[in-house]
Amino acid sequence: MAKEKTYFACQACGAQSPRWLGKCPDCGGWNTMVEEREAAQRGAAAKYVEGATSRPMPIAEIAAEGEHRTSVGIGELDRVLGGGLVKGSVVLVGGDPGIGKSTLMLQAMEELASRGGRVLYVSGEESARQIKLRGERLGASSKGLLVLAENSLEDILSHASDVKPDAMVVDSIQTLFTPTITSAPGSISQVREGAAQLVVFAKKSGTPVFIVGHVTKDGSIAGPRVLEHMVDTVLYFEGDRGHAFRILRAVKNRFGSTNEIGVFEMKGAGLREVENPSEIFLAERLLDVTGSVVVSTVEGTRPIMAELQALVTPTSFGNPRRTAIGVDYGRFTLLLAVLEKRVGLHLMGQDVYVNVVGGLKVEEPSVDLGVISAVASAFKDIPIPSRTVMMGEVGLGGEVRAIGNAEMRVREAAKLGFDRCVMPKSNLKKLPKVKGIELVGVEQVDEALEVILG
Ligand code: TYD
Ligand code: MG
């Protein structure tokens, strides 16, 4: 019998090496190399080649079956998918353990089943009874919702071919196991092979498949990251477990835009859609508190207003502290330098903290002016008028630069009852008048501070 060849594969990025290495040369991860067998992999690869019945075709002759989308019935999920579920598509839903992936998937399957569909929810993590218990909390009881507790890839695929579901969920990819590969479930080759077979199944049968994958913060477990290129759509479910808000974000979508987000709130009976996120992010705002300002960010086609808070306290010893949650740290320190140099605020002896309320992350430069205003307000101990919104990118010269989607932001602000918007002067030219809101154009940071702090 031929000697079985082995190699070492990095469990974080999939890099291979003939020898064991302490540090992965590709991703730099330590102690991530695990021995795997080569023969089995060959066998698996050969299967795909045999099945090849395709032939090259002129693009003009390919019948375009107009993209067929099914609504999942959860508006926020449909939105992130690009308007519904596409036939034969494979969607990877990633996120930290405990964030609510299984809950979301079970709710989506229940929605589909309640409208007469037949769906298959496969779990390798929970027993059928545990799924039933979760289902009771969520009110999932439709006849068409089939549950399968299984982690053998071959069995799952054979059941799926029998059932011919309208949609299928595999929760999670890390628990799948196929004996053609000798390494443990959750290892990079198992995860990859499992996903590859599910993709083949989805494409051949036209069944939309959701694959759930856990990602850990340090990425030490074979992550769904290696799968991103194999699937059609990658959704990440984010949020702080300390907060009830969950944000579903598309990072890759072959059938839609990638900058749409879906907002959910985790309740006792599962996830609830949040149709107007601004109201939630502004719900607990205290009026007339120093260091608090309302900023606007655009996610996909949706403007979201959120509260940004700053606190400035004298440094007790050593270096001043700078902490930013929800905004980019690099930009934050840059803006503090602008305040120091262009506005003349002496922040050197002050600790500065900035936080976006509700666990939201705003990465757009349009919040720059908000950060500047909040810090200045906290430092000078003067509150910003509570019905004023700040928006604008700030340059190193202290100039306020134009932002995108200005009209959309202004309309959202007006809708939520704000009466003044301090924004880049250069944006004003192209803006129509919006009823009920005064637009104040500024060119320099100190002009903006003059308007709000006097
Ligand atoms: P879960 O969907 O199991 O997370 P994941 O599959 O991403 O690991 O969700 C787990 C958390 O959600 C758990 O801490 C409890 C909470 N939860 C609720 O608050 N309400 C509910 O109705 C359900 C089902 C879960
Ligand atoms: Mg789960």
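Residues numbered from 1 in each chain as written. Chains lettered and ligands numbered in written order. Predicted model: local features only at pLDDT ≥ 70, side-chain atom pairs only at ≥ 80, totals over all residues. Heavy atoms only, no water.

Participant: Explanation requested: the overall build of the protein chain in the structure shown.
Facilitator: What the protein chain contains, in helices and strands, is 12 helices and 23 strands. Its C-alpha atoms give the protein chain principal-axis dimensions of roughly 85 × 55 × 50 Å. Counting all 454 residues of the protein chain, 51% fall into the buried class. The long-range share in the protein chain, meaning contacts at least 24 apart out of those at least 6 apart in sequence, stands at 67%. For the protein chain, the accessible surface area stands at approximately 21500 Å², while carbon and sulfur atoms represent 52% of it. Counting 52 positive and 55 negative side-chain charges, the protein chain places the averaged centre of each group 2 Å from the other. (Helix = DSSP H or I, 4+ residues; strand = E, 2+ residues; numbered from the N terminus. Buried < 20%, exposed > 50% of the residue type's maximum accessible area, 1.4 Å probe, protein only. Contact = heavy atoms within 4.5 Å. Areas by Shrake-Rupley, 256 points an atom, 1.4 Å probe, with all protein chains shown as cover. Lys, Arg positive; Asp, Glu negative; His and termini not counted. Charge placed at Lys NZ, Arg CZ, Asp CG, Glu CD.)

Participant: Looking at this structure, I do not really get the site of ligand 1. What am I missing?
Facilitator: Neighbouring ligand 1 are 17 residues; Gly98, Ser102, Thr103, Lys267 and Gly270 lie closest to it. The contact in question runs from an oxygen atom of ligand 1 to an N or O atom on the backbone of Ile99, over 3.3 Å. At 2.9 Å from an oxygen atom of ligand 1 is found a main-chain nitrogen or oxygen belonging to Gly268. When contributions to the shell around ligand 1 are tallied by element, the ones reaching two or more residues are helix H3 (101–114), helix H4 (128–138) and strand S13 (261–267). Here the residues of the shell around ligand 1 sort into five nonpolar, seven polar and five charged. (Near = heavy atom within 4 Å. Polar contact = N/O pair within 3.5 Å; in protein donor to acceptor, adjacent residues only side chain to side chain. Nonpolar A, V, L, I, M, F, W, Y, C, P; charged D, E, K, R; others polar.)

Participant: Sorry, what's going on with a nonpolar patch on the surface here?
Facilitator: On the surface, Met57, Ile59 and Ile62 cluster together into a nonpolar patch covering about 330 Å² of accessible area. Among the structural elements, Ile59 can be located in the loop between helix H1 (38–50) and strand S4 (69–70). By relative accessible area, Ile59 is classed as exposed at 75%. (Patch = residues over 30% accessible without salt bridge, like charges linked within 9 Å, V, L, I, M, F, W, Y side chains within 5 Å. Salt bridge = Lys/Arg side-chain N within 4 Å of Asp/Glu carboxyl O.)

Participant: Can you walk me through the packing of helix H9 (residues 368–380) against helix H12 (residues 445–453) in this structure?
Facilitator: The packing of two helices is summarised by the inter-axis angle and the distance between the axes. Axis separation between H9 and H12 bottoms out at 10 Å; the angle between their running directions is 55°. As the angle between them shows, H9 and H12 are arranged oblique. Considering only the axes of H9 and H12, their crossing is right-handed. Residues Leu369, Ile372, Ser373, Ala376, Ser377 and Lys380 of H9 form the contact with H12, whose participating residues are Val445, Ala448, Leu449, Ile452 and Leu453. Class assignment of the residues belonging to the contact of H9 with H12 gives a composition of eight nonpolar, two polar and one charged. (Axes fitted to C-alpha atoms, helices over the stretch in contact; angles between N-to-C directions. Parallel < 35°, antiparallel > 145°, perpendicular 65-115°, else oblique. Left-handed = near helix turned anticlockwise from the far one by under 90°.)

Participant: Is there a simple way to explain the pattern of salt bridges in this structure?
Facilitator: Oppositely charged side chains can pair when the atoms bearing their charge come close. Throughout the structure, instances matching the rule amount to 13 salt bridges. We note a salt bridge from Lys203 to Asp232, for which the minimum N-O separation is 2.6 Å. Note that Lys203 is positioned in helix H6 (residues 188–205) and Asp232 in the loop between strand S10 (209–214) and strand S11 (233–238), a separation of 29 residues in sequence. Here Lys203 falls in the partly exposed class, since its relative accessible area comes to 44%.

Participant: Honestly, helix H10 (residues 406–415) in this entry has me stumped. Any pointers?
Facilitator: For an α-helix the count is 3.6 residues per turn, leaving residues at separations of three or four pointing the same way. Those residues of H10 lying buried are Ala406, Arg409, Val410, Glu412 and Ala413. Down the axis, H10 shows its buried residues gathered within 160° of arc, on one side only. (Arc of directions from axis to C-beta.)

Participant: Please explain the pairing of S13 as it appears in this structure.
Facilitator: Regular strands have side chains that alternate between both faces of the sheet. In terms of burial, S13 is largely enclosed, as five of its seven residues are buried. Relative to S13, strand S12 (residues 245–253) runs antiparallel, the two sharing five bridges. Within S13, the residue paired with Leu248 across the bridge is Gly262. Examined bridge by bridge, S13 and strand S14 (residues 270–273) share four bridges and lie antiparallel to one another. Looking at S14, one finds that Lys267 is bridged to Gly270. What sits between S13 and S14 in their antiparallel hairpin is a turn of two residues. (Pairing = 2+ DSSP bridges.)

Participant: Explanation requested: the side chain of Ser377 in the structure shown.
Facilitator: For Ser377, the location among the structural elements is in helix H9. Among residues more than four places away in sequence, those in contact with Ser377 are Thr290, Gly291, Ser292, Ile382, Pro383, Ile384 and Leu453.

Participant: Honestly, a negative patch on the surface in this entry has me stumped. Any pointers?
Facilitator: A cluster of acidic side chains, namely Glu443, Asp446, Glu447 and Glu450, defines a negative patch on the protein surface. For Glu443, the position within the fold is in the loop between strand S23 (438–442) and H12. Since its relative accessible area comes to 45%, Glu443 is described here as partly exposed.

Participant: Where do I start with the nonpolar core in this structure?
Facilitator: A general tendency of soluble globular proteins is for nonpolar side chains to be buried together. One finds Leu308, Val327, Leu339 and Val375 to be the most contacted residues of the largest nonpolar core, which totals 47 residues. No other element matches H9, which puts seven residues into this core. Formed jointly, this core draws a minimum of three residues from each of two domains, domain 2 (70–275) and domain 3 (280–453). Residues contacting Leu308, with those up to four places away along its chain left out, are Gly291, Ser292, Val293, Val295, Val327, Val354, Asn355, Val356, Gly370, Val371 and Ala374. (Core = buried A, V, L, I, M, F, W, Y, C linked by side-chain atoms within 4.5 Å. Domains from an automatic or database assignment.)

Participant: Would you explain the packing of aromatic side chains in this entry?
Facilitator: How two aromatic rings sit relative to each other is given by the distance of their centres and the angle of their planes. Using the criterion set out here, one finds two aromatic pairs in the structure. For the pair Phe237 and Phe264, a centre-to-centre distance of 6.0 Å together with 85° between the ring planes defines the contact as edge-to-face. On the criterion of sequence distance, the pair formed by Phe237 in strand S11 and Phe264 in strand S13 is long-range, its members being 27 residues apart. Of the two residues, Phe237 and Phe264, both sit in the buried class. Judged by centre distance (6.1 Å) and plane angle (55°), the rings of Tyr329 and Phe332 are tilted. Separated by three residues within a single helix, Tyr329 and Phe332 lie in helix H8 (residues 329–343), roughly one turn from each other. By relative accessible area, which is 43% here, Tyr329 ends up partly exposed. The class of Phe332 is buried, set by a relative accessible area of 1%. (Phe/Tyr/Trp six-rings, centres within 6.5 Å; stacked < 30°, edge-to-face > 60°.)

Participant: Please clarify how the packing of H8 against H9 should be interpreted in this entry.
Facilitator: Direction vectors running N to C along H8 and H9 enclose 60°, while the axes themselves pass 10 Å from each other. By the criterion of interaxial angle, the relationship of H8 to H9 is oblique. Considering how the two elements wind past one another, H8 and H9 form a crossing that is right-handed. Counted together, Arg331, Phe332, Leu335, Leu336, Val338 and Leu339 of H8 and Asp368, Val371, Ile372, Val375 and Ala376 of H9 form the full contact between these two elements. Here the contact of H8 with H9 is built from residues that sort into nine nonpolar, no polar and two charged.

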